[in-house]
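Here is what each chain is made of, one letter per residue.
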Amino acid sequence: MHRPAAIRATSTARSLCGRIALAAALTVSGGLLFASHASAGDYLLGPQDKVRLKIYEWRASKDTIFEWTALNDQFTVGADGKLSLPFVGEIDAAGQVPGALGTAIGDVLMSRMGLGRPPDVSVEVVQFRPFYIVGQVTTPGEFPYRPGLTVLQALSIAGGLRTREDTSTRLEREVISGRGDISLLALTNVNLLARKARLEAELKGTDDISFPEALTKRQDDSSVALAIEQERLVFRARKDGLTTQIQALNSLKDFLAKELSSLEGQLTLFDEQIALVQKELTGVSTLVDKGLTAAPREIALERSLAQVRGDRLSAETAVFRARQEISRADISINALNNQHATEVSQSLRETQAQINEVARKADTAVQMLRDSEVTAPRLLALRTRAEEAEPIYSIVRPGSDGKSVEIPATEATLIEPGDTVKVKIPLPSLDASGLPLPGAAGDSSTSSVLGMAEDDSAAIGSARAATLSGTQ
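Report follows, based on the coordinates. All figures in this text were calculated on a predicted structure; none of them were measured in a lab.

**So, the sheet that holds strand β7 (residues 131-135)**
- In spatial order, the strands read β8-β7-β11-β9-β10; together these five strands make up an open sheet with mixed pairing. Two strands close off the open sheet at either side, each with one partner strand: β8 (141-143) and β10 (404-409). Geometrically, the sheet is characterised by an average inter-axis angle of 25 degrees between neighbouring strands, direction not taken into account.
- With three bridges joining them, β7 and β8 adopt antiparallel strand pairing. Each residue of the ladder has a partner; that of Phe 131, found in β8, is Phe 143.

**Re unusual backbone geometry**
- Even without being a glycine, Gln 48 presents a positive backbone phi close to 80 degrees.
- Mapped onto the secondary structure, Gln 48 falls in the loop between α1 (2-40) and β1 (50-59).
- Although it is not a glycine, Phe 87 sits at a positive phi angle of roughly 65 degrees.
- Inspection of the secondary structure assignment puts Phe 87 in the loop between β4 (82-85) and β5 (89-92).
- With a relative accessible area of 45%, Phe 87 lands in the partly exposed category.

**Describing the pairing of β5**
- Taken together, the four bridges between β4 and β5 define a ladder with antiparallel strand orientation. Across the sheet, Ser 84 pairs through a bridge with Glu 90, a residue of β5.
- Linking β4 back to β5 in an antiparallel pair, the connection comprises three residues, with Phe 87 at a positive phi of about 65 degrees.

**Considering the pattern of salt bridges**
- Applying the stated rule across the entire model yields 19 salt bridges.
- Where Arg 238 meets Glu 202, a salt bridge forms, and the shortest distance between an N and an O atom there is 2.8 Å. Of this pair, Arg 238 sits in helix α6 (residues 222-290) while Glu 202 sits in helix α4 (residues 167-204), placing them 36 residues apart in sequence.
- Arg 328 is paired through a salt bridge with Glu 325; the nearest N and O atoms lie 3.2 Å apart. Of the two residues, Arg 328 and Glu 325 both sit in helix α7 (residues 295-387), three residues apart, roughly one turn of that helix.
- When its relative accessible area of 45% is taken as the criterion, Arg 328 is described as partly exposed.
- Of the residues examined, Glu 325 reaches a relative accessible area of 28% and is grouped as partly exposed.
- Bridged by salt links that share partners, the residues Arg 198, Glu 202, Glu 231 and Arg 238 form one connected network.

**Section: the packing of aromatic side chains**
- With the rule as written, the count across this model stands at four aromatic pairs.
- Where Tyr 43 meets Phe 128, the ring centres are 5.0 Å apart and the plane angle is 85 degrees; that geometry is what we call edge-to-face. Of this pair, Tyr 43 sits in the loop between α1 and β1 while Phe 128 sits in the loop between β6 (120-127) and β7; the two residues are 85 residues apart in sequence, bridging distant segments of the chain.
- Tyr 43 sits in the buried class, given a relative accessible area of 8%.
- When the centroid spacing of 6.0 Å and the interplanar angle of 70 degrees are considered together, the rings of Phe 66 and Trp 68 count as edge-to-face.
- Pairwise contacts between aromatic rings join Tyr 43, Phe 128 and Tyr 145 into one cluster.
- The ring of Phe 66 carries Arg 59 above its face, with NZ or CZ at 3.8 Å from the centroid.

**Focus on the nonpolar core**
- Judged by nonpolar contacts, the single largest core of 40 residues is most densely connected at Leu 83, Leu 85, Leu 101, Ile 105, Ile 133, Ile 415 and Val 423.
- Core analysis: the next-biggest nonpolar cluster, separate from the first, contains 22 residues, Leu 193, Ile 228, Phe 235 and Val 358 among them.

**Quick look at the environment of Leu 187**
- Relative to the helices and strands, Leu 187 is located in helix α4.
- On the basis of relative accessible area, Leu 187 is assigned to the partly exposed category, the value being 37%.
- Spatially, the C-alpha atom of Leu 187 lies 9.1 Å from that of Ala 227, the residues being 40 residues apart in sequence.

**Side note on helix α2 (residues 98-113)**
- Over its 16 residues, α2 extends 22 Å from the first C-alpha to the last, a length consistent with the 22 Å expected when each residue adds 1.5 Å.
- Here α2 has its buried residues at Pro 98, Gly 99, Leu 101, Gly 102, Ile 105, Gly 106 and Leu 109. In an axial view of α2, the angular spread of the buried residues amounts to 160 degrees, which keeps them on one side of the axis.

**Considerations on the environment of Leu 192**
- Tracing the backbone shows Leu 192 in helix α4.
- For the pair formed by Leu 192 and Val 358, sequence separation is 166 residues and the distance between their alpha carbons is 9.3 Å.
- With near-sequence residues (within four places) excluded, Leu 192 lies in contact with Thr 351, Gln 354, Ile 355 and Val 358.

**Regarding the environment of Arg 232**
- Turning to its location among the elements, Arg 232 is positioned in helix α6.
- Take Arg 232: its relative accessible area is 26%, and that puts it in the partly exposed class.
- With 38 residues separating them along the chain, Arg 232 and Ala 194 place their C-alpha atoms 9.0 Å apart.
- Not counting residues up to four positions away in its chain, the partners in contact with Arg 232 are Ile 209 and Phe 211.

The rules behind these values
Every chain begins its residue count from 1, and numbering advances along the sequence as written. Local features are withheld for residues below a pLDDT of 70 in this predicted model, meaning they are given only at 70 or higher, and side-chain atom pairs are given and counted only at 80 or more; totals for whole chains, interfaces and linings count all residues. Side-chain numbers come from the whole structure's heavy atoms, not from hydrogens or water. Two strands qualify as a pair provided that DSSP identifies no fewer than 2 bridges between them. Here a helix means four or more residues in a row that DSSP labels H or I, a strand means two or more in a row labelled E, and each is numbered from the N terminus. A fitted line through C-alpha atoms represents every axis, and for helices the fit uses only the stretch in contact; the resulting angles, taken between N-to-C directions, go from 0 to 180 degrees. Throughout, exposure labels follow a simple rule: accessible area from a 1.4 Å probe, protein chains only, divided by the maximum for the residue type, with under 20% read as buried, over 50% as exposed, and the rest as partly exposed. Here, a salt bridge means any side-chain nitrogen of Lys or Arg that lies within 4 Å of a carboxyl oxygen of Asp or Glu. What counts as a ring pair is set by centres within 6.5 Å for rings of Phe, Tyr and Trp (its six-membered ring), and what kind of pair is set by the plane angle: stacked under 30 degrees, edge-to-face over 60, tilted for all other angles. Both a distance and an angle decide whether a charge sits over a ring: NZ of Lys or CZ of Arg must be within 6 Å of the ring centre and within 35 degrees of the ring normal. Within this scheme, the nonpolar core is defined by two criteria: the residues are buried Ala, Val, Leu, Ile, Met, Phe, Trp, Tyr or Cys, and they are joined through side-chain atoms within 4.5 Å. Expected helix span is computed as 1.5 Å times (number of residues minus one). The reported arc concerns the directions from the helix axis to the C-beta atoms and nothing else. Residue contacts are defined here by distance: any two heavy atoms, one from each residue, within 4.5 Å place the two residues in contact.

It is worth stressing that arrangement in space is one thing and function is another; only the former is reported here.
Right under this line is the structure:
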């Protein structure tokens, strides 16, 4: 009689514990959902929002709280505004608050899974869709959104206003760089002019270089003097090398000429020797015919005559060979002179082309330097005036009908996810010269910059003249 009562008491206790656990779980779930509402207010979901789902179900038959682990994960709202979930499929999320979306997911699960009651679903926004900022900012683009973000905070995220950059420092760097380029071009032009003078002297075969007046007038300049001295050293080295090669070939010709003369003398001696042997052979042949001398003597003379004629033929061949070697030496000398002239002519054409190129680059560099020192300060004055102007803010917000609406804003205006913040700085009024009207802030700094540009104009002209000298 007492056991059923005990069983009912145990069941009641288990049910009570289960309900307490469910209440605790729902309290956690509700706390998460409340935190979501507290952080985002009546935030409406949209594409690119990332949400975290937590789904629990109370199963009274087992006195346990079942966790839907397959759905307890993070999901992203698609471009079509739908959320794709396992067991649920696609469900509309865009335009709903997180709590309403959780209720809709629970209803679909109850319907599809045949549950007696919908499970408890918590929806928490873990990553909001981004906002955008464009206009006069340092780094326009897309940035992650966070609740409570204002226009001023968004401006700081984008690096602040673009006009706040140190323009004068940049202009100073451009001027220094431009002057360095012109100095380098001037030095290059000096070296090219000196090389051209040396090549012309080599082509003419003169004993010294005739440098142009553009260089001789500036020999006090160390760089010009160094270029002239270097080209003279190169000129002497190349001239000495060519002279040495030609002298070697001429020495070979002299040696061959002496050898030829010696061989020709040998031919004369061979001719005399042949005449003597022939005369003696004629006398001996007469005596042999008369029987006054032996035949072997005649044969010995004939043998001697044949040997002398063979030696003469060898000497004659050596003469031909010596004459051929002399002709080859002459050809080598002509080829060496022609090759040298060809190389010098080609180098001269290349040098002239480089001089013309340097002249064009110098024109461009001088013009850019003039723009940096004269024209750019006008822009600096314009930007200095623009820095004092109040920026104009507006927010382009997508509407529910698919159309965007542009809303005037201030620095304290709150931004919503998906908004595009536009930052515009009004330009000051200009006079006919393109400068701000008198009385504008920053006029004193602008005047100093303009004064510096006027003081440097003479230096620019001198640099350009030095760069282009000798190219006419």
